[in-house]
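# A structural walkthrough
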Amino acid sequence: FVRDTVRITFTPCAGIESPSAEKLFSCYPNPFGQNTVLNLQSAGTVWCMDAQGRMVFMATLPAGSHSIGDGWATGVYVLRVTSAEQSASFRLVKQ
């Protein structure tokens, strides 16, 4: 009988998942309460899915600041932003 041990270490993260996200957009606060502000550096398509993979938000937005998250349930969301030049993902947490 052989027993293998696997050790898994993780660090909770509620921030940027993609290095290119910083250049494409920022989102604050995170975690957020009622809503969060999405700042887009250039126009892009924004998708947001909940932990079950259901789309809760989708829009093509111009560059600038946009308030999102109002009316969403408490939980973890994945925000995906795609512009003409690049795309990036970001994890959002609604408290």
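Each chain carries its own residue numbering, running from 1 in the direction its sequence is written. In keeping with the predicted nature of the model, local features appear solely for residues at pLDDT of at least 70, side-chain atom pairs appear and are counted solely at 80 or more, and the whole-chain, interface and lining totals rest on all residues. For side-chain calculations, the full set of non-hydrogen atoms in the structure is used, while hydrogens and water are omitted.

## So, the side chain of Lys94
Positionally, Lys94 belongs in strand β7 (residues 87–94). Polar contacts here mean pairs of N or O atoms no more than 3.5 Å apart (in protein, one a potential hydrogen donor and the other a potential acceptor; neighbouring residues in sequence count only if both atoms are side-chain atoms). Polar contacts involving the side chain of Lys94 include one to the main-chain carbonyl oxygen of Gln34, which spans 3.3 Å. Here, two residues are considered to be in contact whenever any of their heavy atoms come within 4.5 Å of each other. Beyond its immediate stretch of four places on either side in the chain, Lys94 contacts Phe32, Gly33, Gln34, Gly69, Asp70, Gly71, Trp72, Ala73, Thr74, Gly75 and Tyr77. We count a stretch as a helix when DSSP gives it H or I for four or more residues in a row; a strand needs E for two or more, and each element gets its number in order from the N terminus.

## Considering the sheet that holds β7
Spatially, β4-β3-β6-β7 is the arrangement adopted by the four strands of the open sheet, whose pairing is antiparallel. Strands at the two margins of the open sheet, each flanked by one partner only, are β4 (55–61) and β7. Taken over all neighbouring pairs, the strand axes of this sheet differ in orientation by 15° on average, direction set aside. Between any two strands, pairing holds if DSSP finds at least two bridges. Of the pairings in the sheet, the one linking strand β3 (residues 44–50) to β4 comprises six bridges and is antiparallel in character. When the bridges of β4 are listed, Gly44 appears paired with Leu61. Whenever a helix is involved, its axis is fitted only over the stretch in contact; in every case the axis is a line through C-alpha atoms, and angles between N-to-C directions fall within 0 to 180 degrees.

## Quick notes on the nonpolar core
Residues belong to a common nonpolar core when they are buried Ala, Val, Leu, Ile, Met, Phe, Trp, Tyr or Cys residues joined through side-chain atoms within 4.5 Å. Each residue is assigned to one of three classes by its accessible area relative to the maximum for its type, calculated with a 1.4 Å probe on protein chains only: buried under 20%, partly exposed between the two thresholds, exposed over 50%. Formed by 18 residues in total, the largest nonpolar core has its most connected members in Phe25, Leu38, Leu79 and Leu92. Elements that contribute at least two residues to this core include exactly β1 (25–28), β2 (36–40), β3, β4, β6 (75–82) and β7. Those residues in contact with Leu92 that lie beyond four places of it in its chain are Cys27, Asn30, Phe32, Thr36, Ile68, Trp72, Gly75, Val76, Tyr77 and Leu79.

## Some thoughts on the side chain of Asp50
For Asp50, the location among the structural elements is in strand β3. Looking at Asp50, the relative accessible area reads 13%, which means it is buried. Within the local environment of Asp50, its side chain forms a polar contact with the side chain of Arg54, the two groups lying 2.8 Å apart. Ignoring any residue separated from it by four or fewer positions in sequence, one finds Asp50 in contact with Val56, Val76 and Tyr77.

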